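Now for the letters of each chain:
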Amino acid sequence: MNLKNKTVLITGASSGIGKAISDALILKGAKVISFDIKPNTNSSEDITHFTVDITKYNQIEDAVNKIKGTLDIVINNAGIMRRGEILENTEEDFDALFAVNVKGAWLVLKALKQKLSPNAKIVQMCSRHAINLPTNPALYGLSKKMMMDMGEIISKTYPNYSVEILCPGPVNTELTRVDTTKEQMEEKKKIMEEPEKIAEKTIELLELDNKSHLIFDKNTAIHSLK
């Protein structure tokens, strides 16, 4: 897909990987729409920001009604982290993770269904933990696997859409640092990528029509397209 003049909606575009992807898209000539609970500081005329809590359908719907034209790409990027083993997390942790990481992504797609172009691309920001479920962060990994499975169901239900799955490894963002000890961070830094690198790979994936996954290989610490 040629990204020039394409309209892309990204959730969680105010920081981290989402911001890096939106910046890269603008450089490619795309028009970006940002849904984020946090303010967006990008002053480019090619980005339109809506303050949206993606766990609230009425907020999503209100913003969607203000979007003119159709969307060529939707990137479900927004997510939160809670660490812990499967039975250590609190009920509040469970509710928060699945509200944002799973329900939020579903609500966005539900609200956008009538806005998507006939051959739109839908991108699910998952994680290496969706492929190899960890014992810690267990619920986070489970929520990201559900995001990946959601993408598979969408692909089967709406075969005209191209569904792409991102499963990055450790990335230098605030989310990676949540409840991480100094020693754990030192280990992560050995294989950690910058958000701009993930954005570069994401752009490459969007431009290709014969690849659908961005996968982190824990043995080589390399992100590859498949």
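The rules behind each value
Residues numbered from 1 in each chain as written. Predicted model: local features only at pLDDT ≥ 70, side-chain atom pairs only at ≥ 80, totals over all residues. Heavy atoms only, no water. Helix = DSSP H or I, 4+ residues; strand = E, 2+ residues; numbered from the N terminus. Buried < 20%, exposed > 50% of the residue type's maximum accessible area, 1.4 Å probe, protein only. Contact = heavy atoms within 4.5 Å. Areas by Shrake-Rupley, 256 points an atom, 1.4 Å probe, with all protein chains shown as cover. Salt bridge = Lys/Arg side-chain N within 4 Å of Asp/Glu carboxyl O. 1 Å grid on protein atoms, 1.4 Å probe; cavity = no way out; pocket = protein on both sides within 12 Å on 5 of 7 lines; lining within 4 Å. Points joined across faces, edges and corners; volume = space filled by probe spheres on them. Nonpolar A, V, L, I, M, F, W, Y, C, P; charged D, E, K, R; others polar. Expected span 1.5 Å × (residues − 1). Bend = angle between axes of the 7 residues up to and from the residue. Axes fitted to C-alpha atoms, helices over the stretch in contact; angles between N-to-C directions. Left-handed = near helix turned anticlockwise from the far one by under 90°. Lys, Arg positive; Asp, Glu negative; His and termini not counted. Polar contact = N/O pair within 3.5 Å; in protein donor to acceptor, adjacent residues only side chain to side chain. Phe/Tyr/Trp six-rings, centres within 6.5 Å; stacked < 30°, edge-to-face > 60°. Pairing = 2+ DSSP bridges.

S.K.: Please explain the overall build of the chain as it appears in this structure.
M.R.: Counting its regular elements, the chain contains eight helices and eight strands. The buried share of the chain, taken over its 226 residues, is 52%. A sequence separation of at least 24 residues applies to 64% of the contacts in the chain between residues at least 6 apart. With an accessible surface of roughly 11300 Å², the chain has 50% of that area assigned to carbon and sulfur atoms.

S.K.: Could you clarify how one ought to interpret the environment of Asn 119 in this entry?
M.R.: Among the secondary structure elements, Asn 119 is positioned in strand E5 (residues 116-125). Sequence separation between Asn 119 and Ser 155 is 36 residues, and the spatial gap between their C-alpha atoms is 12 Å. Ignoring any residue separated from it by four or fewer positions in sequence, one finds Asn 119 in contact with Met 1 and Asn 160.

S.K.: Please explain the pattern of salt bridges as it appears in this structure.
M.R.: Two side chains bearing opposite charge may form a pair once their charged atoms approach each other closely. For the coordinates displayed, the defined rule picks out twelve salt bridges. Ionic pairing is found between Lys 156 and Glu 152, a salt bridge with its closest N-O pair at 3.3 Å. On the criterion of helical spacing, the pair formed by Lys 156 and Glu 152 is a turn pair, its members being four residues apart in helix H5 (residues 138-157). By relative accessible area, which is 63% here, Lys 156 ends up exposed. Of the charged contacts in the structure, one is a salt bridge between Lys 197 and Glu 200, with a shortest N-O distance of 3.6 Å.

S.K.: Which parts of the structure should I look at to understand the layout of surface pockets?
M.R.: Where empty space is left can be seen by rolling a probe of water-molecule size over the atoms. Empty space within the largest pocket amounts to approximately 930 Å³. In terms of lining residues, the largest pocket is bounded by 41 residues, among which Gly 79, Ile 80, Met 81, Thr 173 and Leu 175 are the most central. Those elements that place two or more of their residues in the lining of the largest pocket are helix H1 (16-27), strand E2 (31-36), helix H4 (128-131), H5, helix H6 (174-177) and helix H7 (182-189). Taken together, the residues of the lining of the largest pocket break down into 18 nonpolar, 14 polar and nine charged. The wall of the second largest pocket is formed by Trp 106, Leu 109, Lys 110, Lys 113, Leu 116, Ile 122, Met 150, Ile 153, Ile 154, Thr 157, Tyr 158 and Tyr 161. Residue assignment for the lining of the second largest pocket shows that the elements contributing at least two residues are helix H3 (91-112), E5 and H5.

S.K.: Can you walk me through H3 in this structure?
M.R.: An α-helical turn contains 3.6 residues, so a residue and the one three or four places further along point in the same direction. Over its 22 residues, H3 extends 30 Å from the first C-alpha to the last, a length consistent with the 32 Å expected when each residue adds 1.5 Å. Where H3 bends most, the angle comes to about 40°, and this point is Lys 103.

S.K.: Explanation requested: the packing of helix H2 (residues 57-64) against H3 in the structure shown.
M.R.: Angle between the axes and distance between the axes are the two parameters that describe a pair of packed helices. At a minimum axis distance of 10 Å, the contact between H2 and H3 shows a crossing angle of 35°. When you trace H2 past H3, the crossing you get is right-handed. Residues Tyr 57, Ile 60 and Val 64 of H2 pack against Leu 107, Val 108, Lys 110, Ala 111 and Leu 112 of H3. Class assignment for the residues of the contact of H2 with H3 results in seven nonpolar, no polar and one charged.

S.K.: Help me understand the side chain of Lys 115, please; the structure alone is not making it clear to me.
M.R.: Along the chain, the position of Lys 115 falls in the loop between H3 and E5. Although buried, Lys 115 forms no salt bridge, and the nearest oppositely charged side chain, Glu 61, lies 12 Å from it. A polar contact of 2.3 Å, which involves the side chain of Lys 115, links it to the backbone oxygen of Ile 67. Those residues within four positions of Lys 115 in sequence are excluded, and the remaining contacts are Val 64, Ile 67, Lys 68, Gly 69, Thr 70 and Leu 71.

S.K.: I tried to follow the packing of aromatic side chains on my own but got confused; where do I start?
M.R.: Two aromatic rings are characterised by how far apart their centres lie and by the angle between their planes. Going through the model one piece at a time under the given rule, you end up with three aromatic pairs. Note on Phe 94 and Phe 98: the rings are 4.5 Å apart at their centroids and 20° apart in plane angle, and the pair reads as stacked. Taken together, the positions of Phe 94 and Phe 98, both in helix H3 and four residues apart, correspond to about one turn of that helix. For Phe 94, a relative accessible area of 38% gives the class partly exposed. On the basis of an interplanar angle of 40° and a centroid distance of 5.7 Å, the ring pair of Tyr 158 and Tyr 161 is categorised as tilted. Overall, the relative accessible area of 31% leaves Tyr 158 in the partly exposed class.

S.K.: So what exactly am I meant to see when it comes to the sheet that holds E2 here?
M.R.: Either a parallel or an antiparallel arrangement is found when strands of a sheet pair, and the pairing is made through backbone hydrogen bonds. In spatial order, the strands read E3-E2-E1-E4-E5-E6-E7-E8; together these eight strands make up an open sheet with mixed pairing. Strands at the two margins of the open sheet, each flanked by one partner only, are strand E3 (47-51) and strand E8 (222-225). Each neighbouring strand pair of the sheet contributes to a mean axis angle of 20°, computed without reference to strand direction.

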